Amino acid sequence: MARVKTVFRCGECGGESPRWLGRCPSCEAWNTLVEELAETAAVPTVAARRTGAGPMPIDRVPADEWVATPTGIEELDRVLGGGLVPGSVTLVGGEPGIGKSTLLLQAAAARATAGDRVLYVSAEESRQQVRLRAGRLDTLDPNLWLVAETSLPRVLADLEATDPALVVIDSVQALADPQLSSAPGSVAQVRHVAAQLVTEAKQRGVAIVLVGHVTKDGSLAGPRVLEHVVDTVCTFEGERHHALRMLRAVKHRFGPTHELGLFQMTDRGLLGVPDPSGLFLSDRRRGVPGSVVVPTLDGNRPLLVEIQALVTGSDLGNPRRSAHGVDGGRLNMVLAVLEERAGISVAKSDVYALAAGGLRVTEPGADLALALAVVTAASDTPLPDGVVVCAELGLGGELRQGARLDRRLAEAARLGFVTALVAPDTPETPPGIQVVPAATLAEAVRLCHGGGLGRPLAAVV
């Protein structure tokens, strides 16, 4: 027989404590324990525990039950490994206003246009608000059903009545079960709602997509169990001042998590970006000091990004070091290696570094590009046109190969670049691009000065 007890749960990690504490004993977050009433169910018998088929040899388990159904949006299908699997639950998180509702409304309409019945549950907006957005996006379809509801039992009843192939719930933190005394969005409610929806998806074979809020540090709000019970966790990222949006899968039980989906926010909603490298370099000015192009790799997707640097004199005792789109710690390391291993010091200058286009470049393969951007900015002489740079920089000044260099250089050659400055022992390169190896950062700088890449750089003061 079930009984009710009072517990204190952490709003960050879902940890439980029998009494209130100022600091959560699980995640050590301050002032996050909230009093809740929890039901403790009786221990089930052995016969009642089994929920699926009994044991069988693994080679006899059917492998064709989980077949992904395309959503109709190519960039979304790329991240999901082909589409949404029936019976799966997908969680999409992102900052408010980044475009989560727009993306999922477009995906729901695409499935509805393909002939599937889709149920869109709006737990935060009214039906009129969602209908107006759908009109702006031209996503009105009779197969797309809409309900504005915050009660979990009513949502399950609507699911029973409509029998959809896809359900979108915006958002899971706004749903609540009246049988629980906790407020909507609390740890107990989010955990209970998620568990009920997962059970419903498995039993009915319907794909369910949940929208999740994020905290101020960018992580998904609510208990960590929310991420554990779902099959797929996707993050939707971007900057409000840029039109670029990025979709990544951080957990995916039906495929890999290394794919990247790119979208551009327009008046017509989110549009897929089939050629992101061309987009990033479309506004690039050629022949500008401090501008270096690096072929990066995000998952399996090669992207050509422009790294920019600006070096100016400073009267401050501690000159500024500003980094946008690149890691600030990486910038400081590159400046230290430049001074100690290549004899180029900017200790009395302000240094600004930027990854143009709104993309954040964190991989070490951009180290050499960042270093040469600083060198060309300090010498006020640009790199020759048609040159890309890709290598990791060690503290000893040595250059190391980036991963999957062949794919990076193939993308550079496709966009018309003819020369690549890379680390030694480069694997076979694609046709159309010449490889210039450099073992150290000092050698790379000398190649630039000596004209090994084309026009030589002026001396760095």
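Residues numbered from 1 in each chain as written. Predicted model: local features only at pLDDT ≥ 70, side-chain atom pairs only at ≥ 80, totals over all residues. Heavy atoms only, no water.

**A look at the overall build of the chain**
Right, so step 1: Helix and strand content of the chain: 11 helices and 21 strands.
Right, so step 2: With 461 residues in all, the chain has 49% of them scored as buried.
Right, so step 3: A total of about 22,200 Å² of accessible surface is found on the chain, and carbon and sulfur atoms cover 51% of it. (Helix = DSSP H or I, 4+ residues; strand = E, 2+ residues; numbered from the N terminus. Buried < 20%, exposed > 50% of the residue type's maximum accessible area, 1.4 Å probe, protein only. Areas by Shrake-Rupley, 256 points an atom, 1.4 Å probe, with all protein chains shown as cover.)

**Considerations on the nonpolar core**
Right, so step 1: Ranked by size, the top nonpolar core spans 51 residues in total, and within it I307, L338, L368 and V389 carry the most contacts.
Right, so step 2: Of all the elements, helix 9 (residues 367-379) adds the most residues to this core, at 9 residues.
Right, so step 3: Ranked by size, the runner-up nonpolar core spans 31 residues in total, among them I73, V92, A109 and A207. (Core = buried A, V, L, I, M, F, W, Y, C linked by side-chain atoms within 4.5 Å.)

**Overview of a nonpolar patch on the surface**
Right, so step 1: Residues M56, I58 and V61 make up a contiguous nonpolar surface patch of roughly 330 Å² in combined accessible area.
Right, so step 2: Take I58: it is sitting in the loop between strand 3 (33-40) and helix 1 (74-79). (Patch = residues over 30% accessible without salt bridge, like charges linked within 9 Å, V, L, I, M, F, W, Y side chains within 5 Å. Salt bridge = Lys/Arg side-chain N within 4 Å of Asp/Glu carboxyl O.)

**Let's talk about the side chain of S291**
Right, so step 1: Within the secondary structure, S291 is located in strand 13 (residues 291-298).
Right, so step 2: S291 sits in the buried class, given a relative accessible area of 8%.
Right, so step 3: Only 2.6 Å separates the side chain of S291 from the side chain of E306, close enough to count as a polar contact.
Right, so step 4: Setting aside residues up to four positions removed in sequence, S291 forms contacts with R284, E306, I307 and T376. (Polar contact = N/O pair within 3.5 Å; in protein donor to acceptor, adjacent residues only side chain to side chain. Contact = heavy atoms within 4.5 Å.)

**Regarding the sheet that holds strand 6 (residues 144-148)**
Right, so step 1: Spatially, 6-5-7-8-4-9-10-11-12 is the arrangement adopted by the 9 strands of the open sheet, whose pairing is mixed. One side of each edge strand has no neighbouring strand; the edge strands of this open sheet are strand 6 and strand 12 (269-272). Between one strand and the next, the sheet's axes are offset by a mean angle of 25 degrees, whatever the strand orientation.
Right, so step 2: Relative to strand 5 (residues 118-122), helix 4 (residues 152-162) is tilted by about 160 degrees, and along the sheet it contacts strand 5, strand 6 and strand 7 (166-170). (Pairing = 2+ DSSP bridges. Axes fitted to C-alpha atoms, helices over the stretch in contact; angles between N-to-C directions.)

**Some details on the pairing of strand 10 (residues 244-252)**
Right, so step 1: The buried fraction of strand 10 is high, at 7 of 9 residues.
Right, so step 2: Pairing of strand 9 (residues 232-238) with strand 10, which is carried by 7 bridges, proceeds in the antiparallel orientation. From the neighbouring strand, C234 faces strand 10, where its bridge partner is A249.
Right, so step 3: Looking at chain direction, strand 10 and strand 11 (residues 260-266) are connected through 5 bridges and run antiparallel.

**Side note on the environment of V233**
Right, so step 1: With respect to the element layout, V233 can be found in strand 9.
Right, so step 2: Each C-alpha atom of the pair V233 and L80 lies 9.9 Å from the other, and the pair is 153 residues apart in sequence.

**Examining the packing of helix 2 (residues 100-113) against helix 3 (residues 127-137)**
Right, so step 1: Following both chains from N to C, one finds helix 2 and helix 3 inclined at 70 degrees, their axes separated by 11 Å at the closest point. In this view, helix 2 runs roughly perpendicular relative to helix 3, as classed from their interaxial angle. When the axes of helix 2 and helix 3 are compared, the crossing they make is right-handed. The residues of helix 3 that touch helix 2, namely those facing S101, T102, L105 and Q106, are V130, R133, A134 and L137.
Right, so step 2: Its residues placed into classes, the contact of helix 2 with helix 3 shows 4 nonpolar, 3 polar and 1 charged. (Parallel < 35°, antiparallel > 145°, perpendicular 65-115°, else oblique. Left-handed = near helix turned anticlockwise from the far one by under 90°. Nonpolar A, V, L, I, M, F, W, Y, C, P; charged D, E, K, R; others polar.)

**Notes on the pairing of strand 15 (residues 321-324)**
Right, so step 1: Bridging between strand 15 and strand 16 (residues 349-355) involves 4 bridges; their strand directions are parallel. Within the sheet, the bridge partner assigned to H324 lies in strand 16 and is L354.
Right, so step 2: Tracing the backbone out of strand 15, into helix 8 (residues 328-342) and back to the parallel element strand 16 gives a crossover that is left-handed. (Right-handed = clockwise from strand over helix to strand, strands pointing away.)

**Section: the side chain of S171**
Right, so step 1: As for its position among the elements, S171 is in the loop between strand 7 and helix 5 (187-204).
Right, so step 2: Residue class for S171 comes out buried when judged on its relative accessible area of 0%.
Right, so step 3: In this view, S171 contacts A123, E124, V211 and H213; residues no more than four positions away in its chain are not counted.

**Quick word on the packing of helix 4 against helix 5**
Right, so step 1: Relative orientation of the contacting elements helix 4 and helix 5 amounts to 15 degrees, with a least axis distance of 11 Å. It follows that helix 4 is roughly parallel to helix 5 by the angle criterion. Of the two possible hands of crossing, helix 4 and helix 5 adopt the one that is right-handed. Residues L152, L156, L159 and E160 of helix 4 form the contact with helix 5, whose participating residues are H192, V193, Q196, L197, E200 and R204.
Right, so step 2: Across the contact of helix 4 with helix 5, the residue classes break down as 5 nonpolar, 2 polar and 3 charged.

**A closer look at the environment of R111**
Right, so step 1: You can see R111 is positioned in helix 2.
Right, so step 2: Residue classification places R111 among the buried residues on the basis of a relative accessible area of 5%.

**Points about the confidence of the model for the chain**
Right, so step 1: For the chain, the average pLDDT comes to 87, and 90% of its residues sit at 70 or higher.
Right, so step 2: Contacts for the low-pLDDT stretch residues 41-49, under 50 throughout, to residues beyond four places or in other chains number 4 contacts. (pLDDT = per-residue confidence, 0-100.)

**Considering unusual backbone geometry**
Right, so step 1: The omega angle of the peptide bond from D170 to S171 is 5 degrees, so this bond is cis rather than trans.
Right, so step 2: Unusually for a residue other than glycine, D138 sits at a positive phi of about 60 degrees.
Right, so step 3: As for its position among the elements, D138 is in the loop between helix 3 and strand 6.
Right, so step 4: Assessed through its relative accessible area of 70%, D138 is described here as exposed.
Right, so step 5: A positive phi angle, close to 50 degrees, is found at D163, a residue other than glycine.
Right, so step 6: Relative to the elements of secondary structure, D163 occurs in the loop between helix 4 and strand 7.
Right, so step 7: For D163, a relative accessible area of 57% corresponds to the exposed category.

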